[in-house]
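# Fold and geometry: a report
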Amino acid sequence: MRSSAEDRALRERAEKVIPGGMYGHLSARMMPEGFPQFFAGGKGTRLTDVDGNIYIDFMCAYGPNLLGYRDPQVEAAVAAQLALGDTLTGPGPAMVELAEAMVSMVSHADWAMFCKNGGDATMMALMTARAYRGKRKVLVARNAYHGAMPWNTPKPAGVLAEDRAHVIYYDYNDAQALEDAVKQADGDLAGIFASPFRHDTFARQAPVDPEYARAARRLADDYDALLIVDDVRAGLRVARDCSWSEVGVQPDLSSWGKVLGNGQPISALMGNDRAREASAKLYVTGSFWYSAVPMVAALETLRIVRETDYLERMQHVGTLFRDGLQAQSAAAGMPLTLTGPVTMPILMFDEDPDFRLGYAFCREAMLRGIYLSPFHNMFMNAAMTPADIAEVLSATADSFEALKTNRDSITPAPAVLALMGD
Ligand code: PMP
């Protein structure tokens, strides 16, 4: 029998000592009713909440879990470095080894700088673009997420118009819109930000249009500005290189995070020689940016990325999951489509304008031990096996049955209504 007493008790205590009870992207308030907020642990594909309920987890900590939680090889590297020291007065040799490893894998890049979160890396990309020629304007696709810094956070509280005075928005995949935005920059263009593909929340994902990617490259060259691909979310789930290597377009800068240390806190900005001098001028740092443990975790993660078929295995289970779920939904008479790469799909019912079916379906799946999201892209990890997917599909088959039975009583999710009223 599923319990949630411990989670409820922690939420009540959190309300008193944490503003709003929880904040940011891991707030369970955005999830369907009954999703747990607090977790006790994770191993491989499985996540355990504080009440002991176990889930096959398709969110992977919103990305960082690439190889499976507590991957034994990464854990061994972590333990060995922990025994020597982690946060010291300077970095260890792993910093140089990691920069070398990343430069050898990411074809556009000649250097790497390390930080903690994806938002650090995108902020450094923004600063590098401005330091490059002393220009100010940066082009950002509308609704694209590049972190919670004032220049990009999706909520208005605490943000000044001045923080975004030099951000110009364009529509992703629209070469003409990009061209218009460059004109608007009026000779003051510092950089162009692009996601590897369109992976906005509450929206169908779309692959990058190679023509748009080539236009971004050409415009950056024509105006002597820097092209930035934000691979924080998609990095190493699309390619073993920068994701735009798949369409043959090389950016000047790429931002990385999430998967790099398989859950250890580390992110990176990578760049080419054109951007080297500008980035060397920046003063950017943090108390924990040089810690050795996340760096050895990243070295081990990248070794596994280079030497194993982790990506092909994720693509295989991702295909089984997508095809199985779509077939079940069609058979149930409420078709859904999983868009985006099979390793990072978003799940949306074809006829579900207020997301009520999506929320109700993910709730049914959660009650059966499958952790899905109705509004954010999900993530495959390399520990998932075809047997896991068979288990998942058995649970989702039951979830569709439950949905069919209750269909007429499903109401819009409060989380979505709150968002629409924002
Ligand atoms: N860029 C993208 C594309 C992201 O998805 C995210 C995080 N979801 C970030 C930047 C920011 O990363 P972080 O939350 O680690 O600061």
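Note that the structure is predicted; figures quoted are calculated from it, not measured.

### Regarding the overall build of the protein
What the protein contains, in helices and strands, is 12 helices and 13 strands. Its C-alpha atoms give the protein a radius of gyration of 22 Å, near enough to 22 Å, the size a compact globule of 422 residues would have. Counting only C-alpha atoms, the protein reaches 60 × 55 × 45 Å along its principal axes. Per-residue burial for the protein yields a buried fraction of 54% across its 422 residues. Partitioning the contacts of the protein with sequence separation of at least 6, the portion at a separation of at least 24 is 75%.

### Focus on empty space enclosed by the protein
Counted by the stated rule, this structure contains one cavity of 30 Å³ or more. The volume enclosed by the largest cavity comes to roughly 40 Å³. As for the largest cavity, its lining consists of Met102, Met105, Val106, Leu236, Arg240, Trp256, Leu260 and Leu302. Looking at side-chain class alone, the lining of the largest cavity contains seven nonpolar, no polar and one charged residues.

### Details of the side chain of Ser195
Within the secondary structure, Ser195 is located in the loop between β7 (189–194) and α6 (210–222). Exposure remark for Ser195: the relative accessible area of 3% places this residue in the buried category. Here Ser195 is in contact with Ala144, His146, Tyr172, Asp230 and Trp244, once residues within four sequence places are set aside.

### Describing the sheet that holds strand β4 (residues 111–115)
Working definition: the strands of a sheet are paired by backbone hydrogen bonds and lie parallel or antiparallel to each other. Across the sheet, which stays open at both edges, the seven strands sit in the order β4-β10-β9-β8-β7-β5-β6 with mixed pairing between neighbours. One side of each edge strand has no neighbouring strand; the edge strands of this open sheet are β4 and β6 (167–170). Within the sheet, the average angular offset between the axes of one strand and its neighbour, ignoring direction, is 20°. Where strand β5 (residues 137–141) meets β6, four bridges bridge the pair, whose relative direction is parallel. When the bridges of β6 are listed, Leu139 appears paired with Ile168. Seen against the sheet, helix α5 (residues 175–185) touches β5, β6 and β7 and runs at an angle of roughly 160° to β6. Here helix α7 (residues 273–281) sits on the sheet in contact with β4, β8 (226–230), β9 (253–256) and β10 (267–271), set at roughly 40° to β4.

### Structural notes on the pairing of strand β2 (residues 46–49)
Each regular strand displays side chains that alternate between the two surfaces of the sheet. By the alternation rule, side chains of β2 split into Leu47 and Asp49, which are all buried, and Arg46 and Thr48, of which none is buried. Where strand β1 (residues 39–43) meets β2, four bridges bridge the pair, whose relative direction is antiparallel. Bridge pairing in β2 links Gly41 to Thr48. As judged from the three bridges shared by β2 and strand β3 (residues 54–57), these two strands associate in the antiparallel manner.

### Some words on the site of the ligand
Inspection of the region around the ligand gives Asn117, Gly118, Gly119, Tyr145, His146, Gly147, His199, Asp230, Val232, Arg233 and Lys258 as its neighbouring residues. Measuring from an oxygen atom of the ligand, one finds a backbone N or O atom of Gly119 at 2.7 Å. In the environment of the ligand, an oxygen atom lies 2.8 Å from a nitrogen or oxygen atom belonging to the side chain of Arg233. Isolated, the ligand exposes 390 Å² of accessible area, and the fraction of that covered by the protein chains is 88%. The residue makeup of the shell around the ligand, split by class, is two nonpolar, six polar and three charged.

### A look at unusual backbone geometry
Peptide bonds are trans in most cases, and residues, glycine excluded, mostly fall at negative phi. At Phe202, a residue that is not glycine, the phi angle is positive and equals roughly 55°. One can find Phe202 in the loop between β7 and α6.

About the cut-offs
- Residues numbered from 1 in each chain as written.
- Predicted model: local features only at pLDDT ≥ 70, side-chain atom pairs only at ≥ 80, totals over all residues.
- Heavy atoms only, no water.
- Helix = DSSP H or I, 4+ residues; strand = E, 2+ residues; numbered from the N terminus.
- Rg over C-alpha atoms; globule rule 2.2 N^0.38 Å.
- Buried < 20%, exposed > 50% of the residue type's maximum accessible area, 1.4 Å probe, protein only.
- Contact = heavy atoms within 4.5 Å.
- 1 Å grid on protein atoms, 1.4 Å probe; cavity = no way out; pocket = protein on both sides within 12 Å on 5 of 7 lines; lining within 4 Å.
- Points joined across faces, edges and corners; volume = space filled by probe spheres on them.
- Nonpolar A, V, L, I, M, F, W, Y, C, P; charged D, E, K, R; others polar.
- Pairing = 2+ DSSP bridges.
- Axes fitted to C-alpha atoms, helices over the stretch in contact; angles between N-to-C directions.
- Near = heavy atom within 4 Å.
- Polar contact = N/O pair within 3.5 Å; in protein donor to acceptor, adjacent residues only side chain to side chain.
- Areas by Shrake-Rupley, 256 points an atom, 1.4 Å probe, with all protein chains shown as cover.

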